[in-house]
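Summary of the model geometry
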Amino acid sequence: MKRTGRSYCQPLFAGDEKFQTKMPRTQKQNGAYYTPESVVQALLNWVIRRKEDRLLDPSCGDGRFIASHPNSVGIEWDSASVEAARLRAPCALIHDGDFFTWAAQTSERFDCAAGNPPFIRYQMFKGKTRTRALHLCRELGADFTGLTSSWAPFLVAAASLVARGGRMAFVVPAEIGHAPYGAPVIKYLVERFSVVHIVAVRSKLFPTLSEDCWLLYAGGCGGQSAEIRFTALDHFRPMRTPPREYEAVSVKDWRTSWGCRLRPFVMSHPARDLYREVAADRDSTRLGDLGRIGIGYVTGANDFFHLRPSEAERSGIPDALLRPTVRNGRALRSRRVDAAMVEQWRRADAPMWLLRLSRDMTLPDTIRRYLDSSAGKAARQSYKCRIRDPWYVVPGVRIPDFFLSYMSGVQPSLVRNDARCTCSNSVHGIQLKSVVAGHQIETRWNSSFVQLSCELEGHPLGGGMLKLEPGEAARVVLPVPSRLARLDEQIVNDALATMRSWRHYSRGR
Ligand SMILES: C[S@@+](CC[C@H](N)C(=O)[O-])C[C@H]1O[C@@H](n2cnc3c(N)ncnc32)[C@H](O)[C@@H]1O
């Protein structure tokens, strides 16, 4: 076969964003972070059996995977990287263009595939490329929503090109252990390969990235697997084969008991058994059973809608149109937001008032002047203000019973709202479903078990932070106090320390 750099993907069709814009993409837009050599060699060892094996790298970057194996094919859409790859891997066949376009057309199949797919979040993974990627995956039987990051469809499409009996090994973001779009990837792989192995690595494979990376191996293409092999390593070390020690996680268990998450498997067996047992306890409730959890309002122009007491007075804004508000998690450091705290904000002249106008009200002259001020004219140009009518009515302003931090350091804060404040979308609000629910939540929240539940139902954000989306917060398990008192504290505390160490949280940073 002729191994030139002939481009099978060109010309791209008109309307394609690469065709339209020849502007250089940034490293972030391309998800271009190249793999350390020791990891490249390990993954190649895992998949290449014979020198005739045909190897695919679906996003070959500068060619570091394909350079080590003479019978290789690489795809890459960044011209500078294509050039680098051609120099580095002169024997390889390199296609210059979008992988999904090529994957949808090719009839080639490969003995093995290896690489490091681009990690491009949904905000940047968009346009025709995403449409093509999701369409191809849907045809292959893997459904992703528009919120998927690029790596997930990349892995599915690459797996579809592996020949019967073939293997694949990739660097994957650690979010494969918790992100909703990790589940269709794993589901696709267990239905297509007889071995699926996830190797979690706690220390960073890419020291400069906030994203943690794990490794994925799948072998025996054409088979099926009822289990997922899972190995948790503190550090990556070069290995000629995927680790021989692993836990066999039943696919059924992964789906039904763990909500399609693999992160809980970094904990010890006794900790998982205990968590599962307590969560299934008849008397345990979930936070979402006791309250409705939602994000706060979005103003679209915070500086305009949030006023300091001195500004409100200067502009003559009537008190009745101002509502004290929790603007961010920093206000959630004590157990209550009460009148004394609001008074402190007022004395500090903090931007503590939300301008709260309603659609049907007659606007007083002072408000009209404020809306027509230069700040008001600038505010109404913001995207959120432009798409609502009238622009000055901030929707979703609620007075929750509790606030819950959205992004947290050591643990999420739950704070009772005794001052009838509202909150912005930097924190969550909880609206109780019954009169007794508040007491139930408060008596259960400050326990190690509930903190562990936040770790397991939430997810790491990078930089040591824990994030709890409303849906994740709703799943936090609240056991009854008598059950909490009987728990093996050692197991729970060890598990909590383990989960925090996997998100790189350390006190006193
Ligand atoms: C994480 S880098 C990996 C490069 C190389 N395989 C490695 O591991 O060092 C991902 C590469 O995918 C390329 N890429 C991103 N989207 C692509 C697409 N739709 N088609 C082809 N290449 C793409 C980027 O330009 C980048 O070079």
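Because the structure is predicted, anything quoted here is derived from the model rather than measured.

This part takes up the overall build of the chain. If you tally the helices and strands in the chain, you get 22 helices and 23 strands. Reported as C-alpha extents along the three principal axes, the dimensions of the chain are approximately 80 × 60 × 40 Å. Each of the 509 residues in the chain was classed as buried or not, and the buried ones make up 44%. Within the chain, counting contacts between residues at least 6 apart in sequence, those at least 24 apart form 75% of the total.

Here 3 bridges tie strand S21 (residues 459-462) to strand S22 (residues 465-467), and the two strands are oriented antiparallel to one another. Looking across to S22, one finds that Gly462 is bridged to Met465. Here S21 hands over to S22 after 2 residues, with Gly463 in that stretch at a positive phi of 70 degrees.

Before going further, it helps to examine helix H6 (residues 127-140). Given 3.6 residues per turn, any residue in an α-helix points the same way as the ones three and four places further on. Taking 1.5 Å of rise per residue, 14 residues should cover 20 Å, and H6 covers 20 Å from first to last C-alpha, within 8% of that figure. All of the buried residues along H6 are Thr129, Ala133, Leu134 and Cys137. The buried residues of H6 occupy one face: seen down the axis, they fall within an arc of 120 degrees. In this structure, H6 carries Thr131 and Glu139 as exposed residues pointing more than 90 degrees from its buried face. Positive backbone phi, approximately 100 degrees, marks Gly141, located one or two places after H6.

With that out of the way, let us pick up unusual backbone geometry. Between Asp389 and Pro390 the backbone carries a cis peptide bond, its omega angle lying at -5 degrees. Residue position: Pro390 is located in the loop between helix H17 (383-386) and strand S16 (402-405). Residues other than glycine seldom take positive phi values, yet Cys260 does so here, at roughly 60 degrees. Mapped onto the fold, Cys260 is located in the loop between helix H9 (251-256) and helix H10 (269-280). Since 17 C-beta atoms lie within 10 Å of it, Cys260 is described here as partly exposed. Although it is not a glycine, His504 sits at a positive phi angle of roughly 65 degrees. Positionally, His504 belongs in the segment after helix H22 (489-502). Of the residues examined, His504 has 17 C-beta atoms within 10 Å and is grouped as partly exposed.

With that settled, the discussion passes to the confidence of the model for the chain. Parts of the model with low pLDDT should not have their predicted coordinates read in detail. Per-residue confidence for the chain gives a mean pLDDT of 92, with 93% of residues at or over 70. Contacts of residues 1-23 to residues separated by more than four positions or lying in other chains number 32 contacts, the stretch itself having pLDDT below 50.

With that settled, consider the sheet that holds S21. Strand order in this open sheet of 3 strands is S17-S22-S21, and the pairing throughout is antiparallel. Both outer strands of the open sheet, strand S17 (407-408) and S21, are each paired with one neighbouring strand and no more. As judged from the 2 bridges shared by S17 and S22, these two strands associate in the antiparallel manner. Along S22, the bridge assignment pairs Ser408 with Leu466.

This part is about the domain arrangement of the chain. Domains assigned within the chain are domain 1 (17-266) and domain 2 (291-502). Distance from the C-alpha centre of domain 1 to the C-alpha centre of domain 2: 38 Å. Tallying the contact residues gives 6 residues for domain 1 and 7 residues for domain 2. Taken together, the residues of the side of domain 1 that touches domain 2 sort by class into 2 nonpolar, 2 polar and 2 charged.

Turning to the sheet that holds strand S1 (residues 55-57), a few remarks are in order. The strand order across the open sheet formed by 9 strands is S3-S2-S1-S4-S5-S7-S6-S8-S9, and the pairing between neighbours is mixed. Single-partner strands in this sheet number two, and they are strand S3 (93-96) and strand S9 (247-250). Direction aside, neighbouring strands of the sheet carry axes that sit 20 degrees apart on average. Bridge analysis of strand S5 (residues 162-173) against strand S7 (residues 213-221) gives 7 bridges, and the strand direction is antiparallel. Residue pairing for S7: Val172 is matched across the bridge by Trp214.

Here is what the cut-offs are and how they apply
- Counting of residues starts from 1 at the beginning of each chain's written sequence and follows it residue by residue.
- Residues qualify for local features only when their pLDDT is at least 70, as the model is predicted, and side-chain atom pairs are given and counted only at 80 or more; totals for whole chains, interfaces and linings, by contrast, use all residues.
- Here a strand is any run of E in DSSP of at least two residues, a helix any run of H or I of at least four, and the numbering for each starts at the N terminus.
- Exposed residues have 12 or fewer other C-beta atoms within 10 Å of their own C-beta, buried residues have 20 or more, and partly exposed residues fall in between, where C-beta atoms are placed from the backbone.
- The contact rule is simple: place each C-beta atom from the backbone, and if two of them lie within 7 Å, those residues are in contact.
- The criterion for strand pairing is that DSSP finds at least two bridges linking the strands in question.
- Multiplying 1.5 Å by the residue count of a helix minus one yields the expected span of that helix.
- The arc in question is the one traced by the directions running from the helix axis out to the C-beta atoms.
- Residue-level confidence of the predictor is summarised by pLDDT, bounded by 0 at the bottom and 100 at the top.
- Just so you know, the domain bounds were taken from an automatic or database domain assignment.
- Polar here means any residue outside two lists: the nonpolar Ala, Val, Leu, Ile, Met, Phe, Trp, Tyr, Cys and Pro, and the charged Asp, Glu, Lys and Arg; Gly therefore counts as polar.
- For helices, the axis comes from a line fit to the C-alpha atoms of the stretch in contact; other axes are also lines fit to C-alpha atoms, and the angle between any two N-to-C directions lies between 0 and 180 degrees.

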